[in-house]
Amino acid sequence: MKGGGKRALALVAALTIAGACRPAPPPATPAPARYQPTAEQRAFLDTLGRRTFDWFWDTTNPRNGLTPDRWPTKSFSSVAAVGFALTAYPVGVERGWVTREQARERVLTTLRFFRDAPQGPASTGVTGHRGFFYHFLDMETGLRFRQVELSTIDTALLLAGALTCREYFDRAEPGDLEVRALADSIYRRVDWAWAQAGRPLVSMGWHPEKLPRNQDANGFILANWKGYMEAMLLYVLALGSPTHPLPDGAWERWAATYQWDTFHGQEFVQFGPLFGHQYSHVWIDFRGIQDPYMRGRGIDYHENSRRATLSQRQYAIDNPGGWRDYSAEVWGLTASDGPLDSTLTIDGRQRRFHTYWARGAGKDEITDDGTIVPTAAGGSIAFAPEVVIPSLLAMRKRYGDDLFQRYGFLDSFNPTLREPGPRLQHGRIVPGKGWFDGDYLGIDQGPIIAMLENQRSELVWRLMRKNPYVIRGLCRAGFSGGWIDGKC
């Protein structure tokens with residue numbers, strides 16, 4: 001299995017915090033009040049945004065709105081990738097890449113499909129159950145792909161995209177009214193309390209089959225959403241539901257599983273792969289708002305993600321693993337494709353490589369095989385533009401068309417694997433330069449375009465600051481300060 005679900009299932013463990021009442025740590029290296037890219041950087045960002053948007057526009061099935069998990073390799077649809085696509089469409093309108101009418105028609109096609117797709121407890125012939133959707137769907141029929149799980153986090157990512165469109169299409173026109181009604185219908189029927197499965201925390205998913213392991217008697221995956229990661233978005237949406245919400249205290253139980261520690265010069269809540277520090281922030285503007293945990297630390301979640309970004313960059317500069325090309329400009333670990341599952345001897349040293357893997361670096365775990373993922377830096381552009389923008393441009397220049405092609409950055413590359421010979425599962429080796437993936441992944445394209453637009457215009461953040469469900473979820477989680485003040 002590939003995509004967001006594998007990321008989550010591979011990264012469940014987190015240690016209980018020692019307490020949230022220690023003195024607040026010093027701030028990370030401050031960012032400029034408003035980073036101003038150079039003319040060359042602005043031109044590059046224009047190209048990056050347009051090419052990344054075009055990936056979603058061109059590869060999505062126009063008949064049902066389903067976005068592939070990857071391309072050009074033939075694949076199923078990822079419902080999380082659909083959520084990122086829905087988020088990208090308003091960006092395309094604002095940038096003049098498609099018309100408002102074109103985007104709205106694509107959104108309506110997508111939301112109509114998910115509203116009308118069959119739901120139920122059967123193992124086949126359905127798209128979801130209890131308002132949730134299966135992680136992967138057939139690109140043409142939209143039905144469950146093989147025996148993948150009913151995914152709570154991938155459903156949350158889909159919902160976030162739908163709610164973005166709900167706020168963007170805000171006119172008193174029939175099409176806009178239908179977008180809002182569809183988004184409300186899809187969101188409000190999700191039964192979050194059912195997914196809690198009688199536990200303090202939400203299960204990662206459910207199978208209708210009785211599998212031999214890793215699930216309880218009712219089919220729920222034994223792994224729960226705990227420890228800091230992308231599920232912050234899930235808990236906000238689940239607490240904000242007016243129909244089937246999580247009970248009071250759910251956020252506190254989630255936050256109690258955080259691990260606060262220091263890694264490569266930064267103190268922050270630990271999670272190795274950068275996607276866990278990015279996904280929730282695509283939609284929720286955490287600047288200046290704090291829950292009880294962050295009030296105890298003296299920062300907010302935006303600053304926490306900034307520190308995680310700077311920490312990973314410093315890890316690459318320090319390069320304890322001795323990987324080729326790691327530097328202040330070539331860095332970024334997150335879940336991604338990789339070249340192969342094998343151990344090779346390079347420069348007299350044994351190196352273990354992986355295909356799809358939850359790459360990351362943090363205090364509790366380092367999962368690094370020399371594979372750099374452009375979305376790891378790109379998805380952090382709104383946190384630390386002064387280091388991310390130069391890094392992205394430097395990688396574009398250094399690796400050229402081997403890395404940056406029709407739809408922007410290919411998913412990943414590995415400069416350590418430079419000599420042809422090994423049998424690869426993905427991509428190709430350019431002699432003397434490195435391994436380069438041949439695919440784009442929707443869940444890695446999504447953070448690039450959305451966070452780039454947040455850095456430039458705050459579009460997605462501005463839209464979602466209006467959403468009543470997000471506001472209610474944040475209020476029930478105990479957030480205060482900044483833009484949320486007076487809304488609870």
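Here the structure is a predicted model, which means the values were calculated and not measured.

Asks: Tell me about the sheet that holds strand β7 (residues 205-206), residues and numbers included.
Replies: Strand order in the open sheet formed by four strands is β3-β4-β6-β7, and the pairing between neighbours is antiparallel. The open sheet has two free edges, formed respectively by β3 (128-129) and β7, since each of these has just one partner strand.

Asks: Give me the packing of aromatic side chains: which residues, what numbers.
Replies: Here the structure, examined in full by the defined rule, presents 39 aromatic pairs. Between F53 and W57 the ring centres are 5.9 Å apart and the planes differ by 20°, which places this aromatic pair in the stacked class. Placement of the pair is F53 and W57 together in helix α2 (residues 39-59), with a separation of four residues, close to one helical turn. One exposure class covers both F53 and W57, and it is buried.

Asks: Could you give me a rundown of the packing of helix α3 (residues 79-94) against helix α5 (residues 152-168), with the residues and numbers involved?
Replies: Packing of α3 against α5 leaves a shortest axis separation of 6 Å and a crossing angle of 20°. Between α3 and α5, the angle is such that the two are roughly parallel. The element α3 and its partner α5 pack so that their crossing is left-handed. Contact with α3, carried on its side by V79, A80, V82, G83, L86, T87, P90, V93 and E94, involves D154, T155, L157, L158, G161, A162, T164, C165 and Y168 of α5 and no other residues of that element. Looking at the contact of α3 with α5, its residues break down into eleven nonpolar, five polar and two charged.

Asks: Tell me about empty space enclosed by the protein, residues and numbers included.
Replies: Here the structure, examined in full by the defined rule, presents two cavities of 30 Å³ or more. Taken as a whole, the largest cavity holds about 50 Å³ of empty space. Secondary structure elements with two or more residues in the lining of the largest cavity: α13 (374-378), β21 (440-441) and α15 (442-456).

Asks: Got a sec to walk through the pattern of salt bridges? Specific residues and values, please.
Replies: In the structure shown here, the tally under the stated rule is 35 salt bridges. Two residues, D69 and R70, come together in a salt bridge whose shortest N-O distance is 4.0 Å. The exposure class assigned to D69 is buried, which follows from its relative accessible area of 1%. On the accessibility criterion, R70 (4% relative accessible area) is buried. When the shortest N-O distance is used, the salt bridge between R70 and D439 registers 2.9 Å. Of the two residues, R70 sits in strand β1 (residues 70-71) while D439 sits in the loop between β20 (434-436) and β21, which places them 369 residues apart along the sequence. Since its relative accessible area comes to 2%, D439 is described here as buried. One connected set of salt bridges, linked through shared partners, spans R100, R104, R171, E173 and D176.

Asks: So what's going on with helix α4 (residues 100-116)? Residues and values would help.
Replies: When the terminal C-alpha atoms of α4 are compared, their 24 Å separation across 17 residues agrees well with the 24 Å that a helix rising 1.5 Å per residue should span. Within the sequence span of α4, burial applies to R100, A103, R104, R106, V107, L108, T109, T110, L111, F113 and F114. In this fold, the buried residues of α4 make contact with α2, α3, β4 (132-134), β5 (136-137), α5 and α6 (174-188).

Asks: Explain the state of the cysteines residue by residue, including any values.
Replies: Per the stated rule, a full pass over the model turns up one disulfide. Here C475 engages in a disulfide with C488; their sulfurs sit 1.9 Å apart. Measuring the twist about the S-S bond at about -85°, one finds the C475-C488 disulfide to be left-handed. Of this pair, C475 sits in helix α17 (residues 468-476) while C488 sits in the segment after α17; the two residues are 13 residues apart in sequence, bridging distant segments of the chain. We classify C488 as exposed; its relative accessible area is 63%.

Asks: Just give me the short version of the sheet that holds strand β18 (residues 413-414), but keep the residues and values in it.
Replies: Here we have three strands laid out as an open sheet, ordered β18-β20-β19, and antiparallel in their pairing. The sheet is open, and its two edges are formed by β18 and β19 (428-430), each paired on a single side. Bridge count between β18 and β20: two bridges; the pairing is antiparallel. When the bridges of β20 are listed, N414 appears paired with W435.

Asks: Account for the pairing of strand β8 (residues 260-263), with residues named and values stated.
Replies: Where β8 meets strand β9 (residues 266-269), four bridges bridge the pair, whose relative direction is antiparallel. Note on β9: the bridge partner recorded for W260 is V269. Count of turn residues in the β8/β9 antiparallel hairpin: two residues, of which H264 carries a positive phi of about 45°.

Asks: Break down the pairing of strand β12 (residues 349-353) for me, with residues and values.
Replies: In this sheet, β12 lies alongside strand β11 (residues 342-346) in antiparallel orientation, the contact comprising five bridges. Bridge assignment links S342 to a residue of β12, and that residue is F353. What sits between β11 and β12 in their antiparallel hairpin is a turn of two residues, with D347 showing a positive phi close to 55°.

Asks: Tell me about the environment of R295, residues and numbers included.
Replies: Within the secondary structure layout, R295 lies in helix α11 (residues 292-297). On a C-alpha basis, the gap between R295 and L108 in space is 40 Å, while along the polypeptide they are 187 residues apart. Beyond its immediate chain neighbours, meaning those up to four positions away, R295 contacts Q290, G478, F479 and S480.

Asks: I'd like a description of unusual backbone geometry, backed by residues and values.
Replies: That bond from W71 to P72 is cis: its omega, 10°, falls within 30 degrees of zero. Assignment of secondary structure puts P72 in the loop between β1 and β2 (77-78). Unusually for a residue other than glycine, N214 sits at a positive phi of about 65°.

What counts and how
Residues numbered from 1 in each chain as written. Predicted model: local features only at pLDDT ≥ 70, side-chain atom pairs only at ≥ 80, totals over all residues. Heavy atoms only, no water. Pairing = 2+ DSSP bridges. Helix = DSSP H or I, 4+ residues; strand = E, 2+ residues; numbered from the N terminus. Phe/Tyr/Trp six-rings, centres within 6.5 Å; stacked < 30°, edge-to-face > 60°. Buried < 20%, exposed > 50% of the residue type's maximum accessible area, 1.4 Å probe, protein only. Axes fitted to C-alpha atoms, helices over the stretch in contact; angles between N-to-C directions. Parallel < 35°, antiparallel > 145°, perpendicular 65-115°, else oblique. Left-handed = near helix turned anticlockwise from the far one by under 90°. Contact = heavy atoms within 4.5 Å. Nonpolar A, V, L, I, M, F, W, Y, C, P; charged D, E, K, R; others polar. 1 Å grid on protein atoms, 1.4 Å probe; cavity = no way out; pocket = protein on both sides within 12 Å on 5 of 7 lines; lining within 4 Å. Points joined across faces, edges and corners; volume = space filled by probe spheres on them. Salt bridge = Lys/Arg side-chain N within 4 Å of Asp/Glu carboxyl O. Expected span 1.5 Å × (residues − 1). Disulfide = S-S within 2.5 Å.

The quantities given are spatial measurements derived from coordinates; they are silent on function.
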